[in-house]
Amino acid sequence: MSAETLAPAKVNLFLHVGPPEPDGFHPICSWMTFADVGDRVSAYEADALEVKVSGPFALALAREADNLVLRAAHALLERAKGPTRPFGLMLEKALPVAAGLGGGSSDAGAALRLLRRALDVDLSDPDLEALAAGLGSDGAACLWARPVIAEGRGERLSPAPATPPLDAVLVNPGVPVPTGQVYARLDALKGWGPAERPPLPETLEDAAEAAGFLSLMRNDLETAAVEIAPEVGDALDFLRAEPETLLARMSGSGGTCFALCASDYEAETLAERIEALRPAWWVRRTRLGAPQL
Ligand SMILES: C[C@@](CO)(OP(=O)(O)O)[C@H](O)COP(=O)(O)OP(=O)(O)OC[C@H]1O[C@@H](n2ccc(N)nc2=O)[C@H](O)[C@@H]1O
Ligand SMILES: Nc1ncnc2c1ncn2[C@@H]1O[C@H](COP(=O)(O)OP(=O)(O)O)[C@@H](O)[C@H]1O
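These figures come from a predicted structure and were not determined experimentally.

**Side note on the environment of Val 182**
Checked against the element boundaries, Val 182 lands in helix 5 (residues 179-189). Val 182 gets classed as buried once you look at its relative accessible area, which sits at 0%. Sequence separation between Val 182 and Ser 253 is 71 residues, and the spatial gap between their C-alpha atoms is 6.3 Å. If sequence neighbours within four positions are ignored, Val 182 has contacts with Val 177, Leu 221, Ala 224, Ala 225, Ile 228 and Ser 253.

**So, the site of ligand 2**
The full set close to ligand 2 counts 17 residues, and Leu 68, Lys 93, Gly 100, Gly 104 and Asp 107 are the nearest of them. Contact distances for ligand 2 include 2.9 Å between a nitrogen atom and a side-chain N or O atom of Lys 93. Gly 102 is positioned such that a nitrogen or oxygen atom in its backbone is 3.0 Å from an oxygen atom of ligand 2. Here ligand 2 has 540 Å² of accessible area as a free molecule, and 75% of this is covered by the chains. The site holding ligand 2 turns out to be the largest pocket. Ranked by the residues each element gives to the shell around ligand 2, the list is headed by helix 2 (residues 103-118), at three residues.

**Examining the sheet that holds strand 7 (residues 166-172)**
Spatially, four strands are ordered 8-9-7-10 in an open sheet, and the strand pairing comes out antiparallel. One side of each edge strand has no neighbouring strand; the edge strands of this open sheet are strand 8 (247-250) and strand 10 (282-288). Adjacent strand axes in the sheet meet at a mean angle of 25°, parallel and antiparallel pairs treated alike. With four bridges connecting them, strand 7 and strand 9 (residues 257-260) associate as antiparallel partners. Residue pairing in the sheet places Ala 168 in a bridge with Leu 260 of strand 9. Against the sheet, helix 8 (residues 230-240) touches strand 7, strand 8 and strand 9, its axis set at about 170° to strand 8. Those strands touched by helix 9 (residues 264-277) are strand 7, strand 9 and strand 10, and its axis lies near 15° from that of strand 7.

**Some thoughts on the domain arrangement of the protein**
You can read the domains of the protein as domain 1 (2-159) and domain 2 (166-288). On a C-alpha basis, the centroid separation for the pair domain 1 and domain 2 is 22 Å. Each side of the interface is counted separately: domain 1 has 34 residues, and domain 2 has 41 residues. Carbon and sulfur atoms make up 65% of the area that domain 1 and domain 2 hide from each other, which totals about 2,700 Å². When the area that domain 1 buries against domain 2 is broken down by residue, the three leading residues are Leu 13, His 16 and Val 17, summing to 21%.

Here is what the cut-offs are and how they apply
Residues numbered from 1 in each chain as written. Chains lettered and ligands numbered in written order. Predicted model: local features only at pLDDT ≥ 70, side-chain atom pairs only at ≥ 80, totals over all residues. Heavy atoms only, no water. Helix = DSSP H or I, 4+ residues; strand = E, 2+ residues; numbered from the N terminus. Buried < 20%, exposed > 50% of the residue type's maximum accessible area, 1.4 Å probe, protein only. Contact = heavy atoms within 4.5 Å. Near = heavy atom within 4 Å. Polar contact = N/O pair within 3.5 Å; in protein donor to acceptor, adjacent residues only side chain to side chain. Areas by Shrake-Rupley, 256 points an atom, 1.4 Å probe, with all protein chains shown as cover. 1 Å grid on protein atoms, 1.4 Å probe; cavity = no way out; pocket = protein on both sides within 12 Å on 5 of 7 lines; lining within 4 Å. Sits in = over half its atoms within 2 Å of the grid points. Pairing = 2+ DSSP bridges. Axes fitted to C-alpha atoms, helices over the stretch in contact; angles between N-to-C directions. Domains from an automatic or database assignment. Buried area = accessible area lost by both parts, 1.4 Å probe.

What follows is the structure in structure tokens.
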């Protein structure tokens, strides 16, 4: 067995969050799209199930047992009928952790896609999606890594407006921002907005039109995240002051922020300037949409 796949970064182009339900979870409406940068997950033959983590953010994942790729593998094995060949998983952790990029969910989704094929597990797409959703609120969307409007807790998916690939720069100021803390701060601030689905266009022709539409939308977690990690506010202020930025916003619960740009040339120019002026920040030029997995 030898198989490998990309686990792309998720980006919330908008994220509307309503007040919590009785179970404590919040209803959302979010346009989730995916970057062409991410982690890589691979499977190999091994004597026993194990996960090896490498890459620049490997140290941020403390305990192997908590790794979402391992939880995904166990969830899939429970559904496999009959014995499967023993395997190990390799995770190259290139995305920052607790960063609003859904890295853990994307790794889990990558493992599920990969292992269903490699082990020839007879599980339908909807069943695989249900497994992914059980591993985290972003799990279902991150399984397919295609642009979607996600509602409910994030598990109810429908197609997003069609766009060309959107040139963008991702910036993380280097501070982990735990999702649960951000939702809790949102509640303390009573900072929710309406989470009903807004009117959505079928198509947005280019980055300028997409930015115009998105400027009418929000990320309701931004204020709460900036209170927890003021560095996120610094990143947003920086991006919003740059001439190449059509729109800058935080992704998910932060701290990664994105700037939409009119072309790959402008995105490259912006990324190079940020790298020169803020060498400690994690910076990636990317195209948002449906990356090749
Ligand atoms: C904010 C978002 C936006 O896409 O993404 P991230 O920033 O985490 O990438 C998601 O809503 C996060 O999804 P995910 O990271 O899978 O969250 P989970 O592990 O399911 O939940 C972590 C914690 O966040 C809170 N939570 C999560 C989702 C939700 N709709 N309401 C919540 O209140 C709960 O306190 C939960 O215990
Ligand atoms: N493979 C993984 N990659 C990232 N985080 C993981 C993974 N497995 C478990 N986690 C845990 O999931 C939590 C959320 O991490 P992550 O998915 O990076 O957050 P976010 O969705 O905000 O980007 C962290 O506490 C982390 O320790």
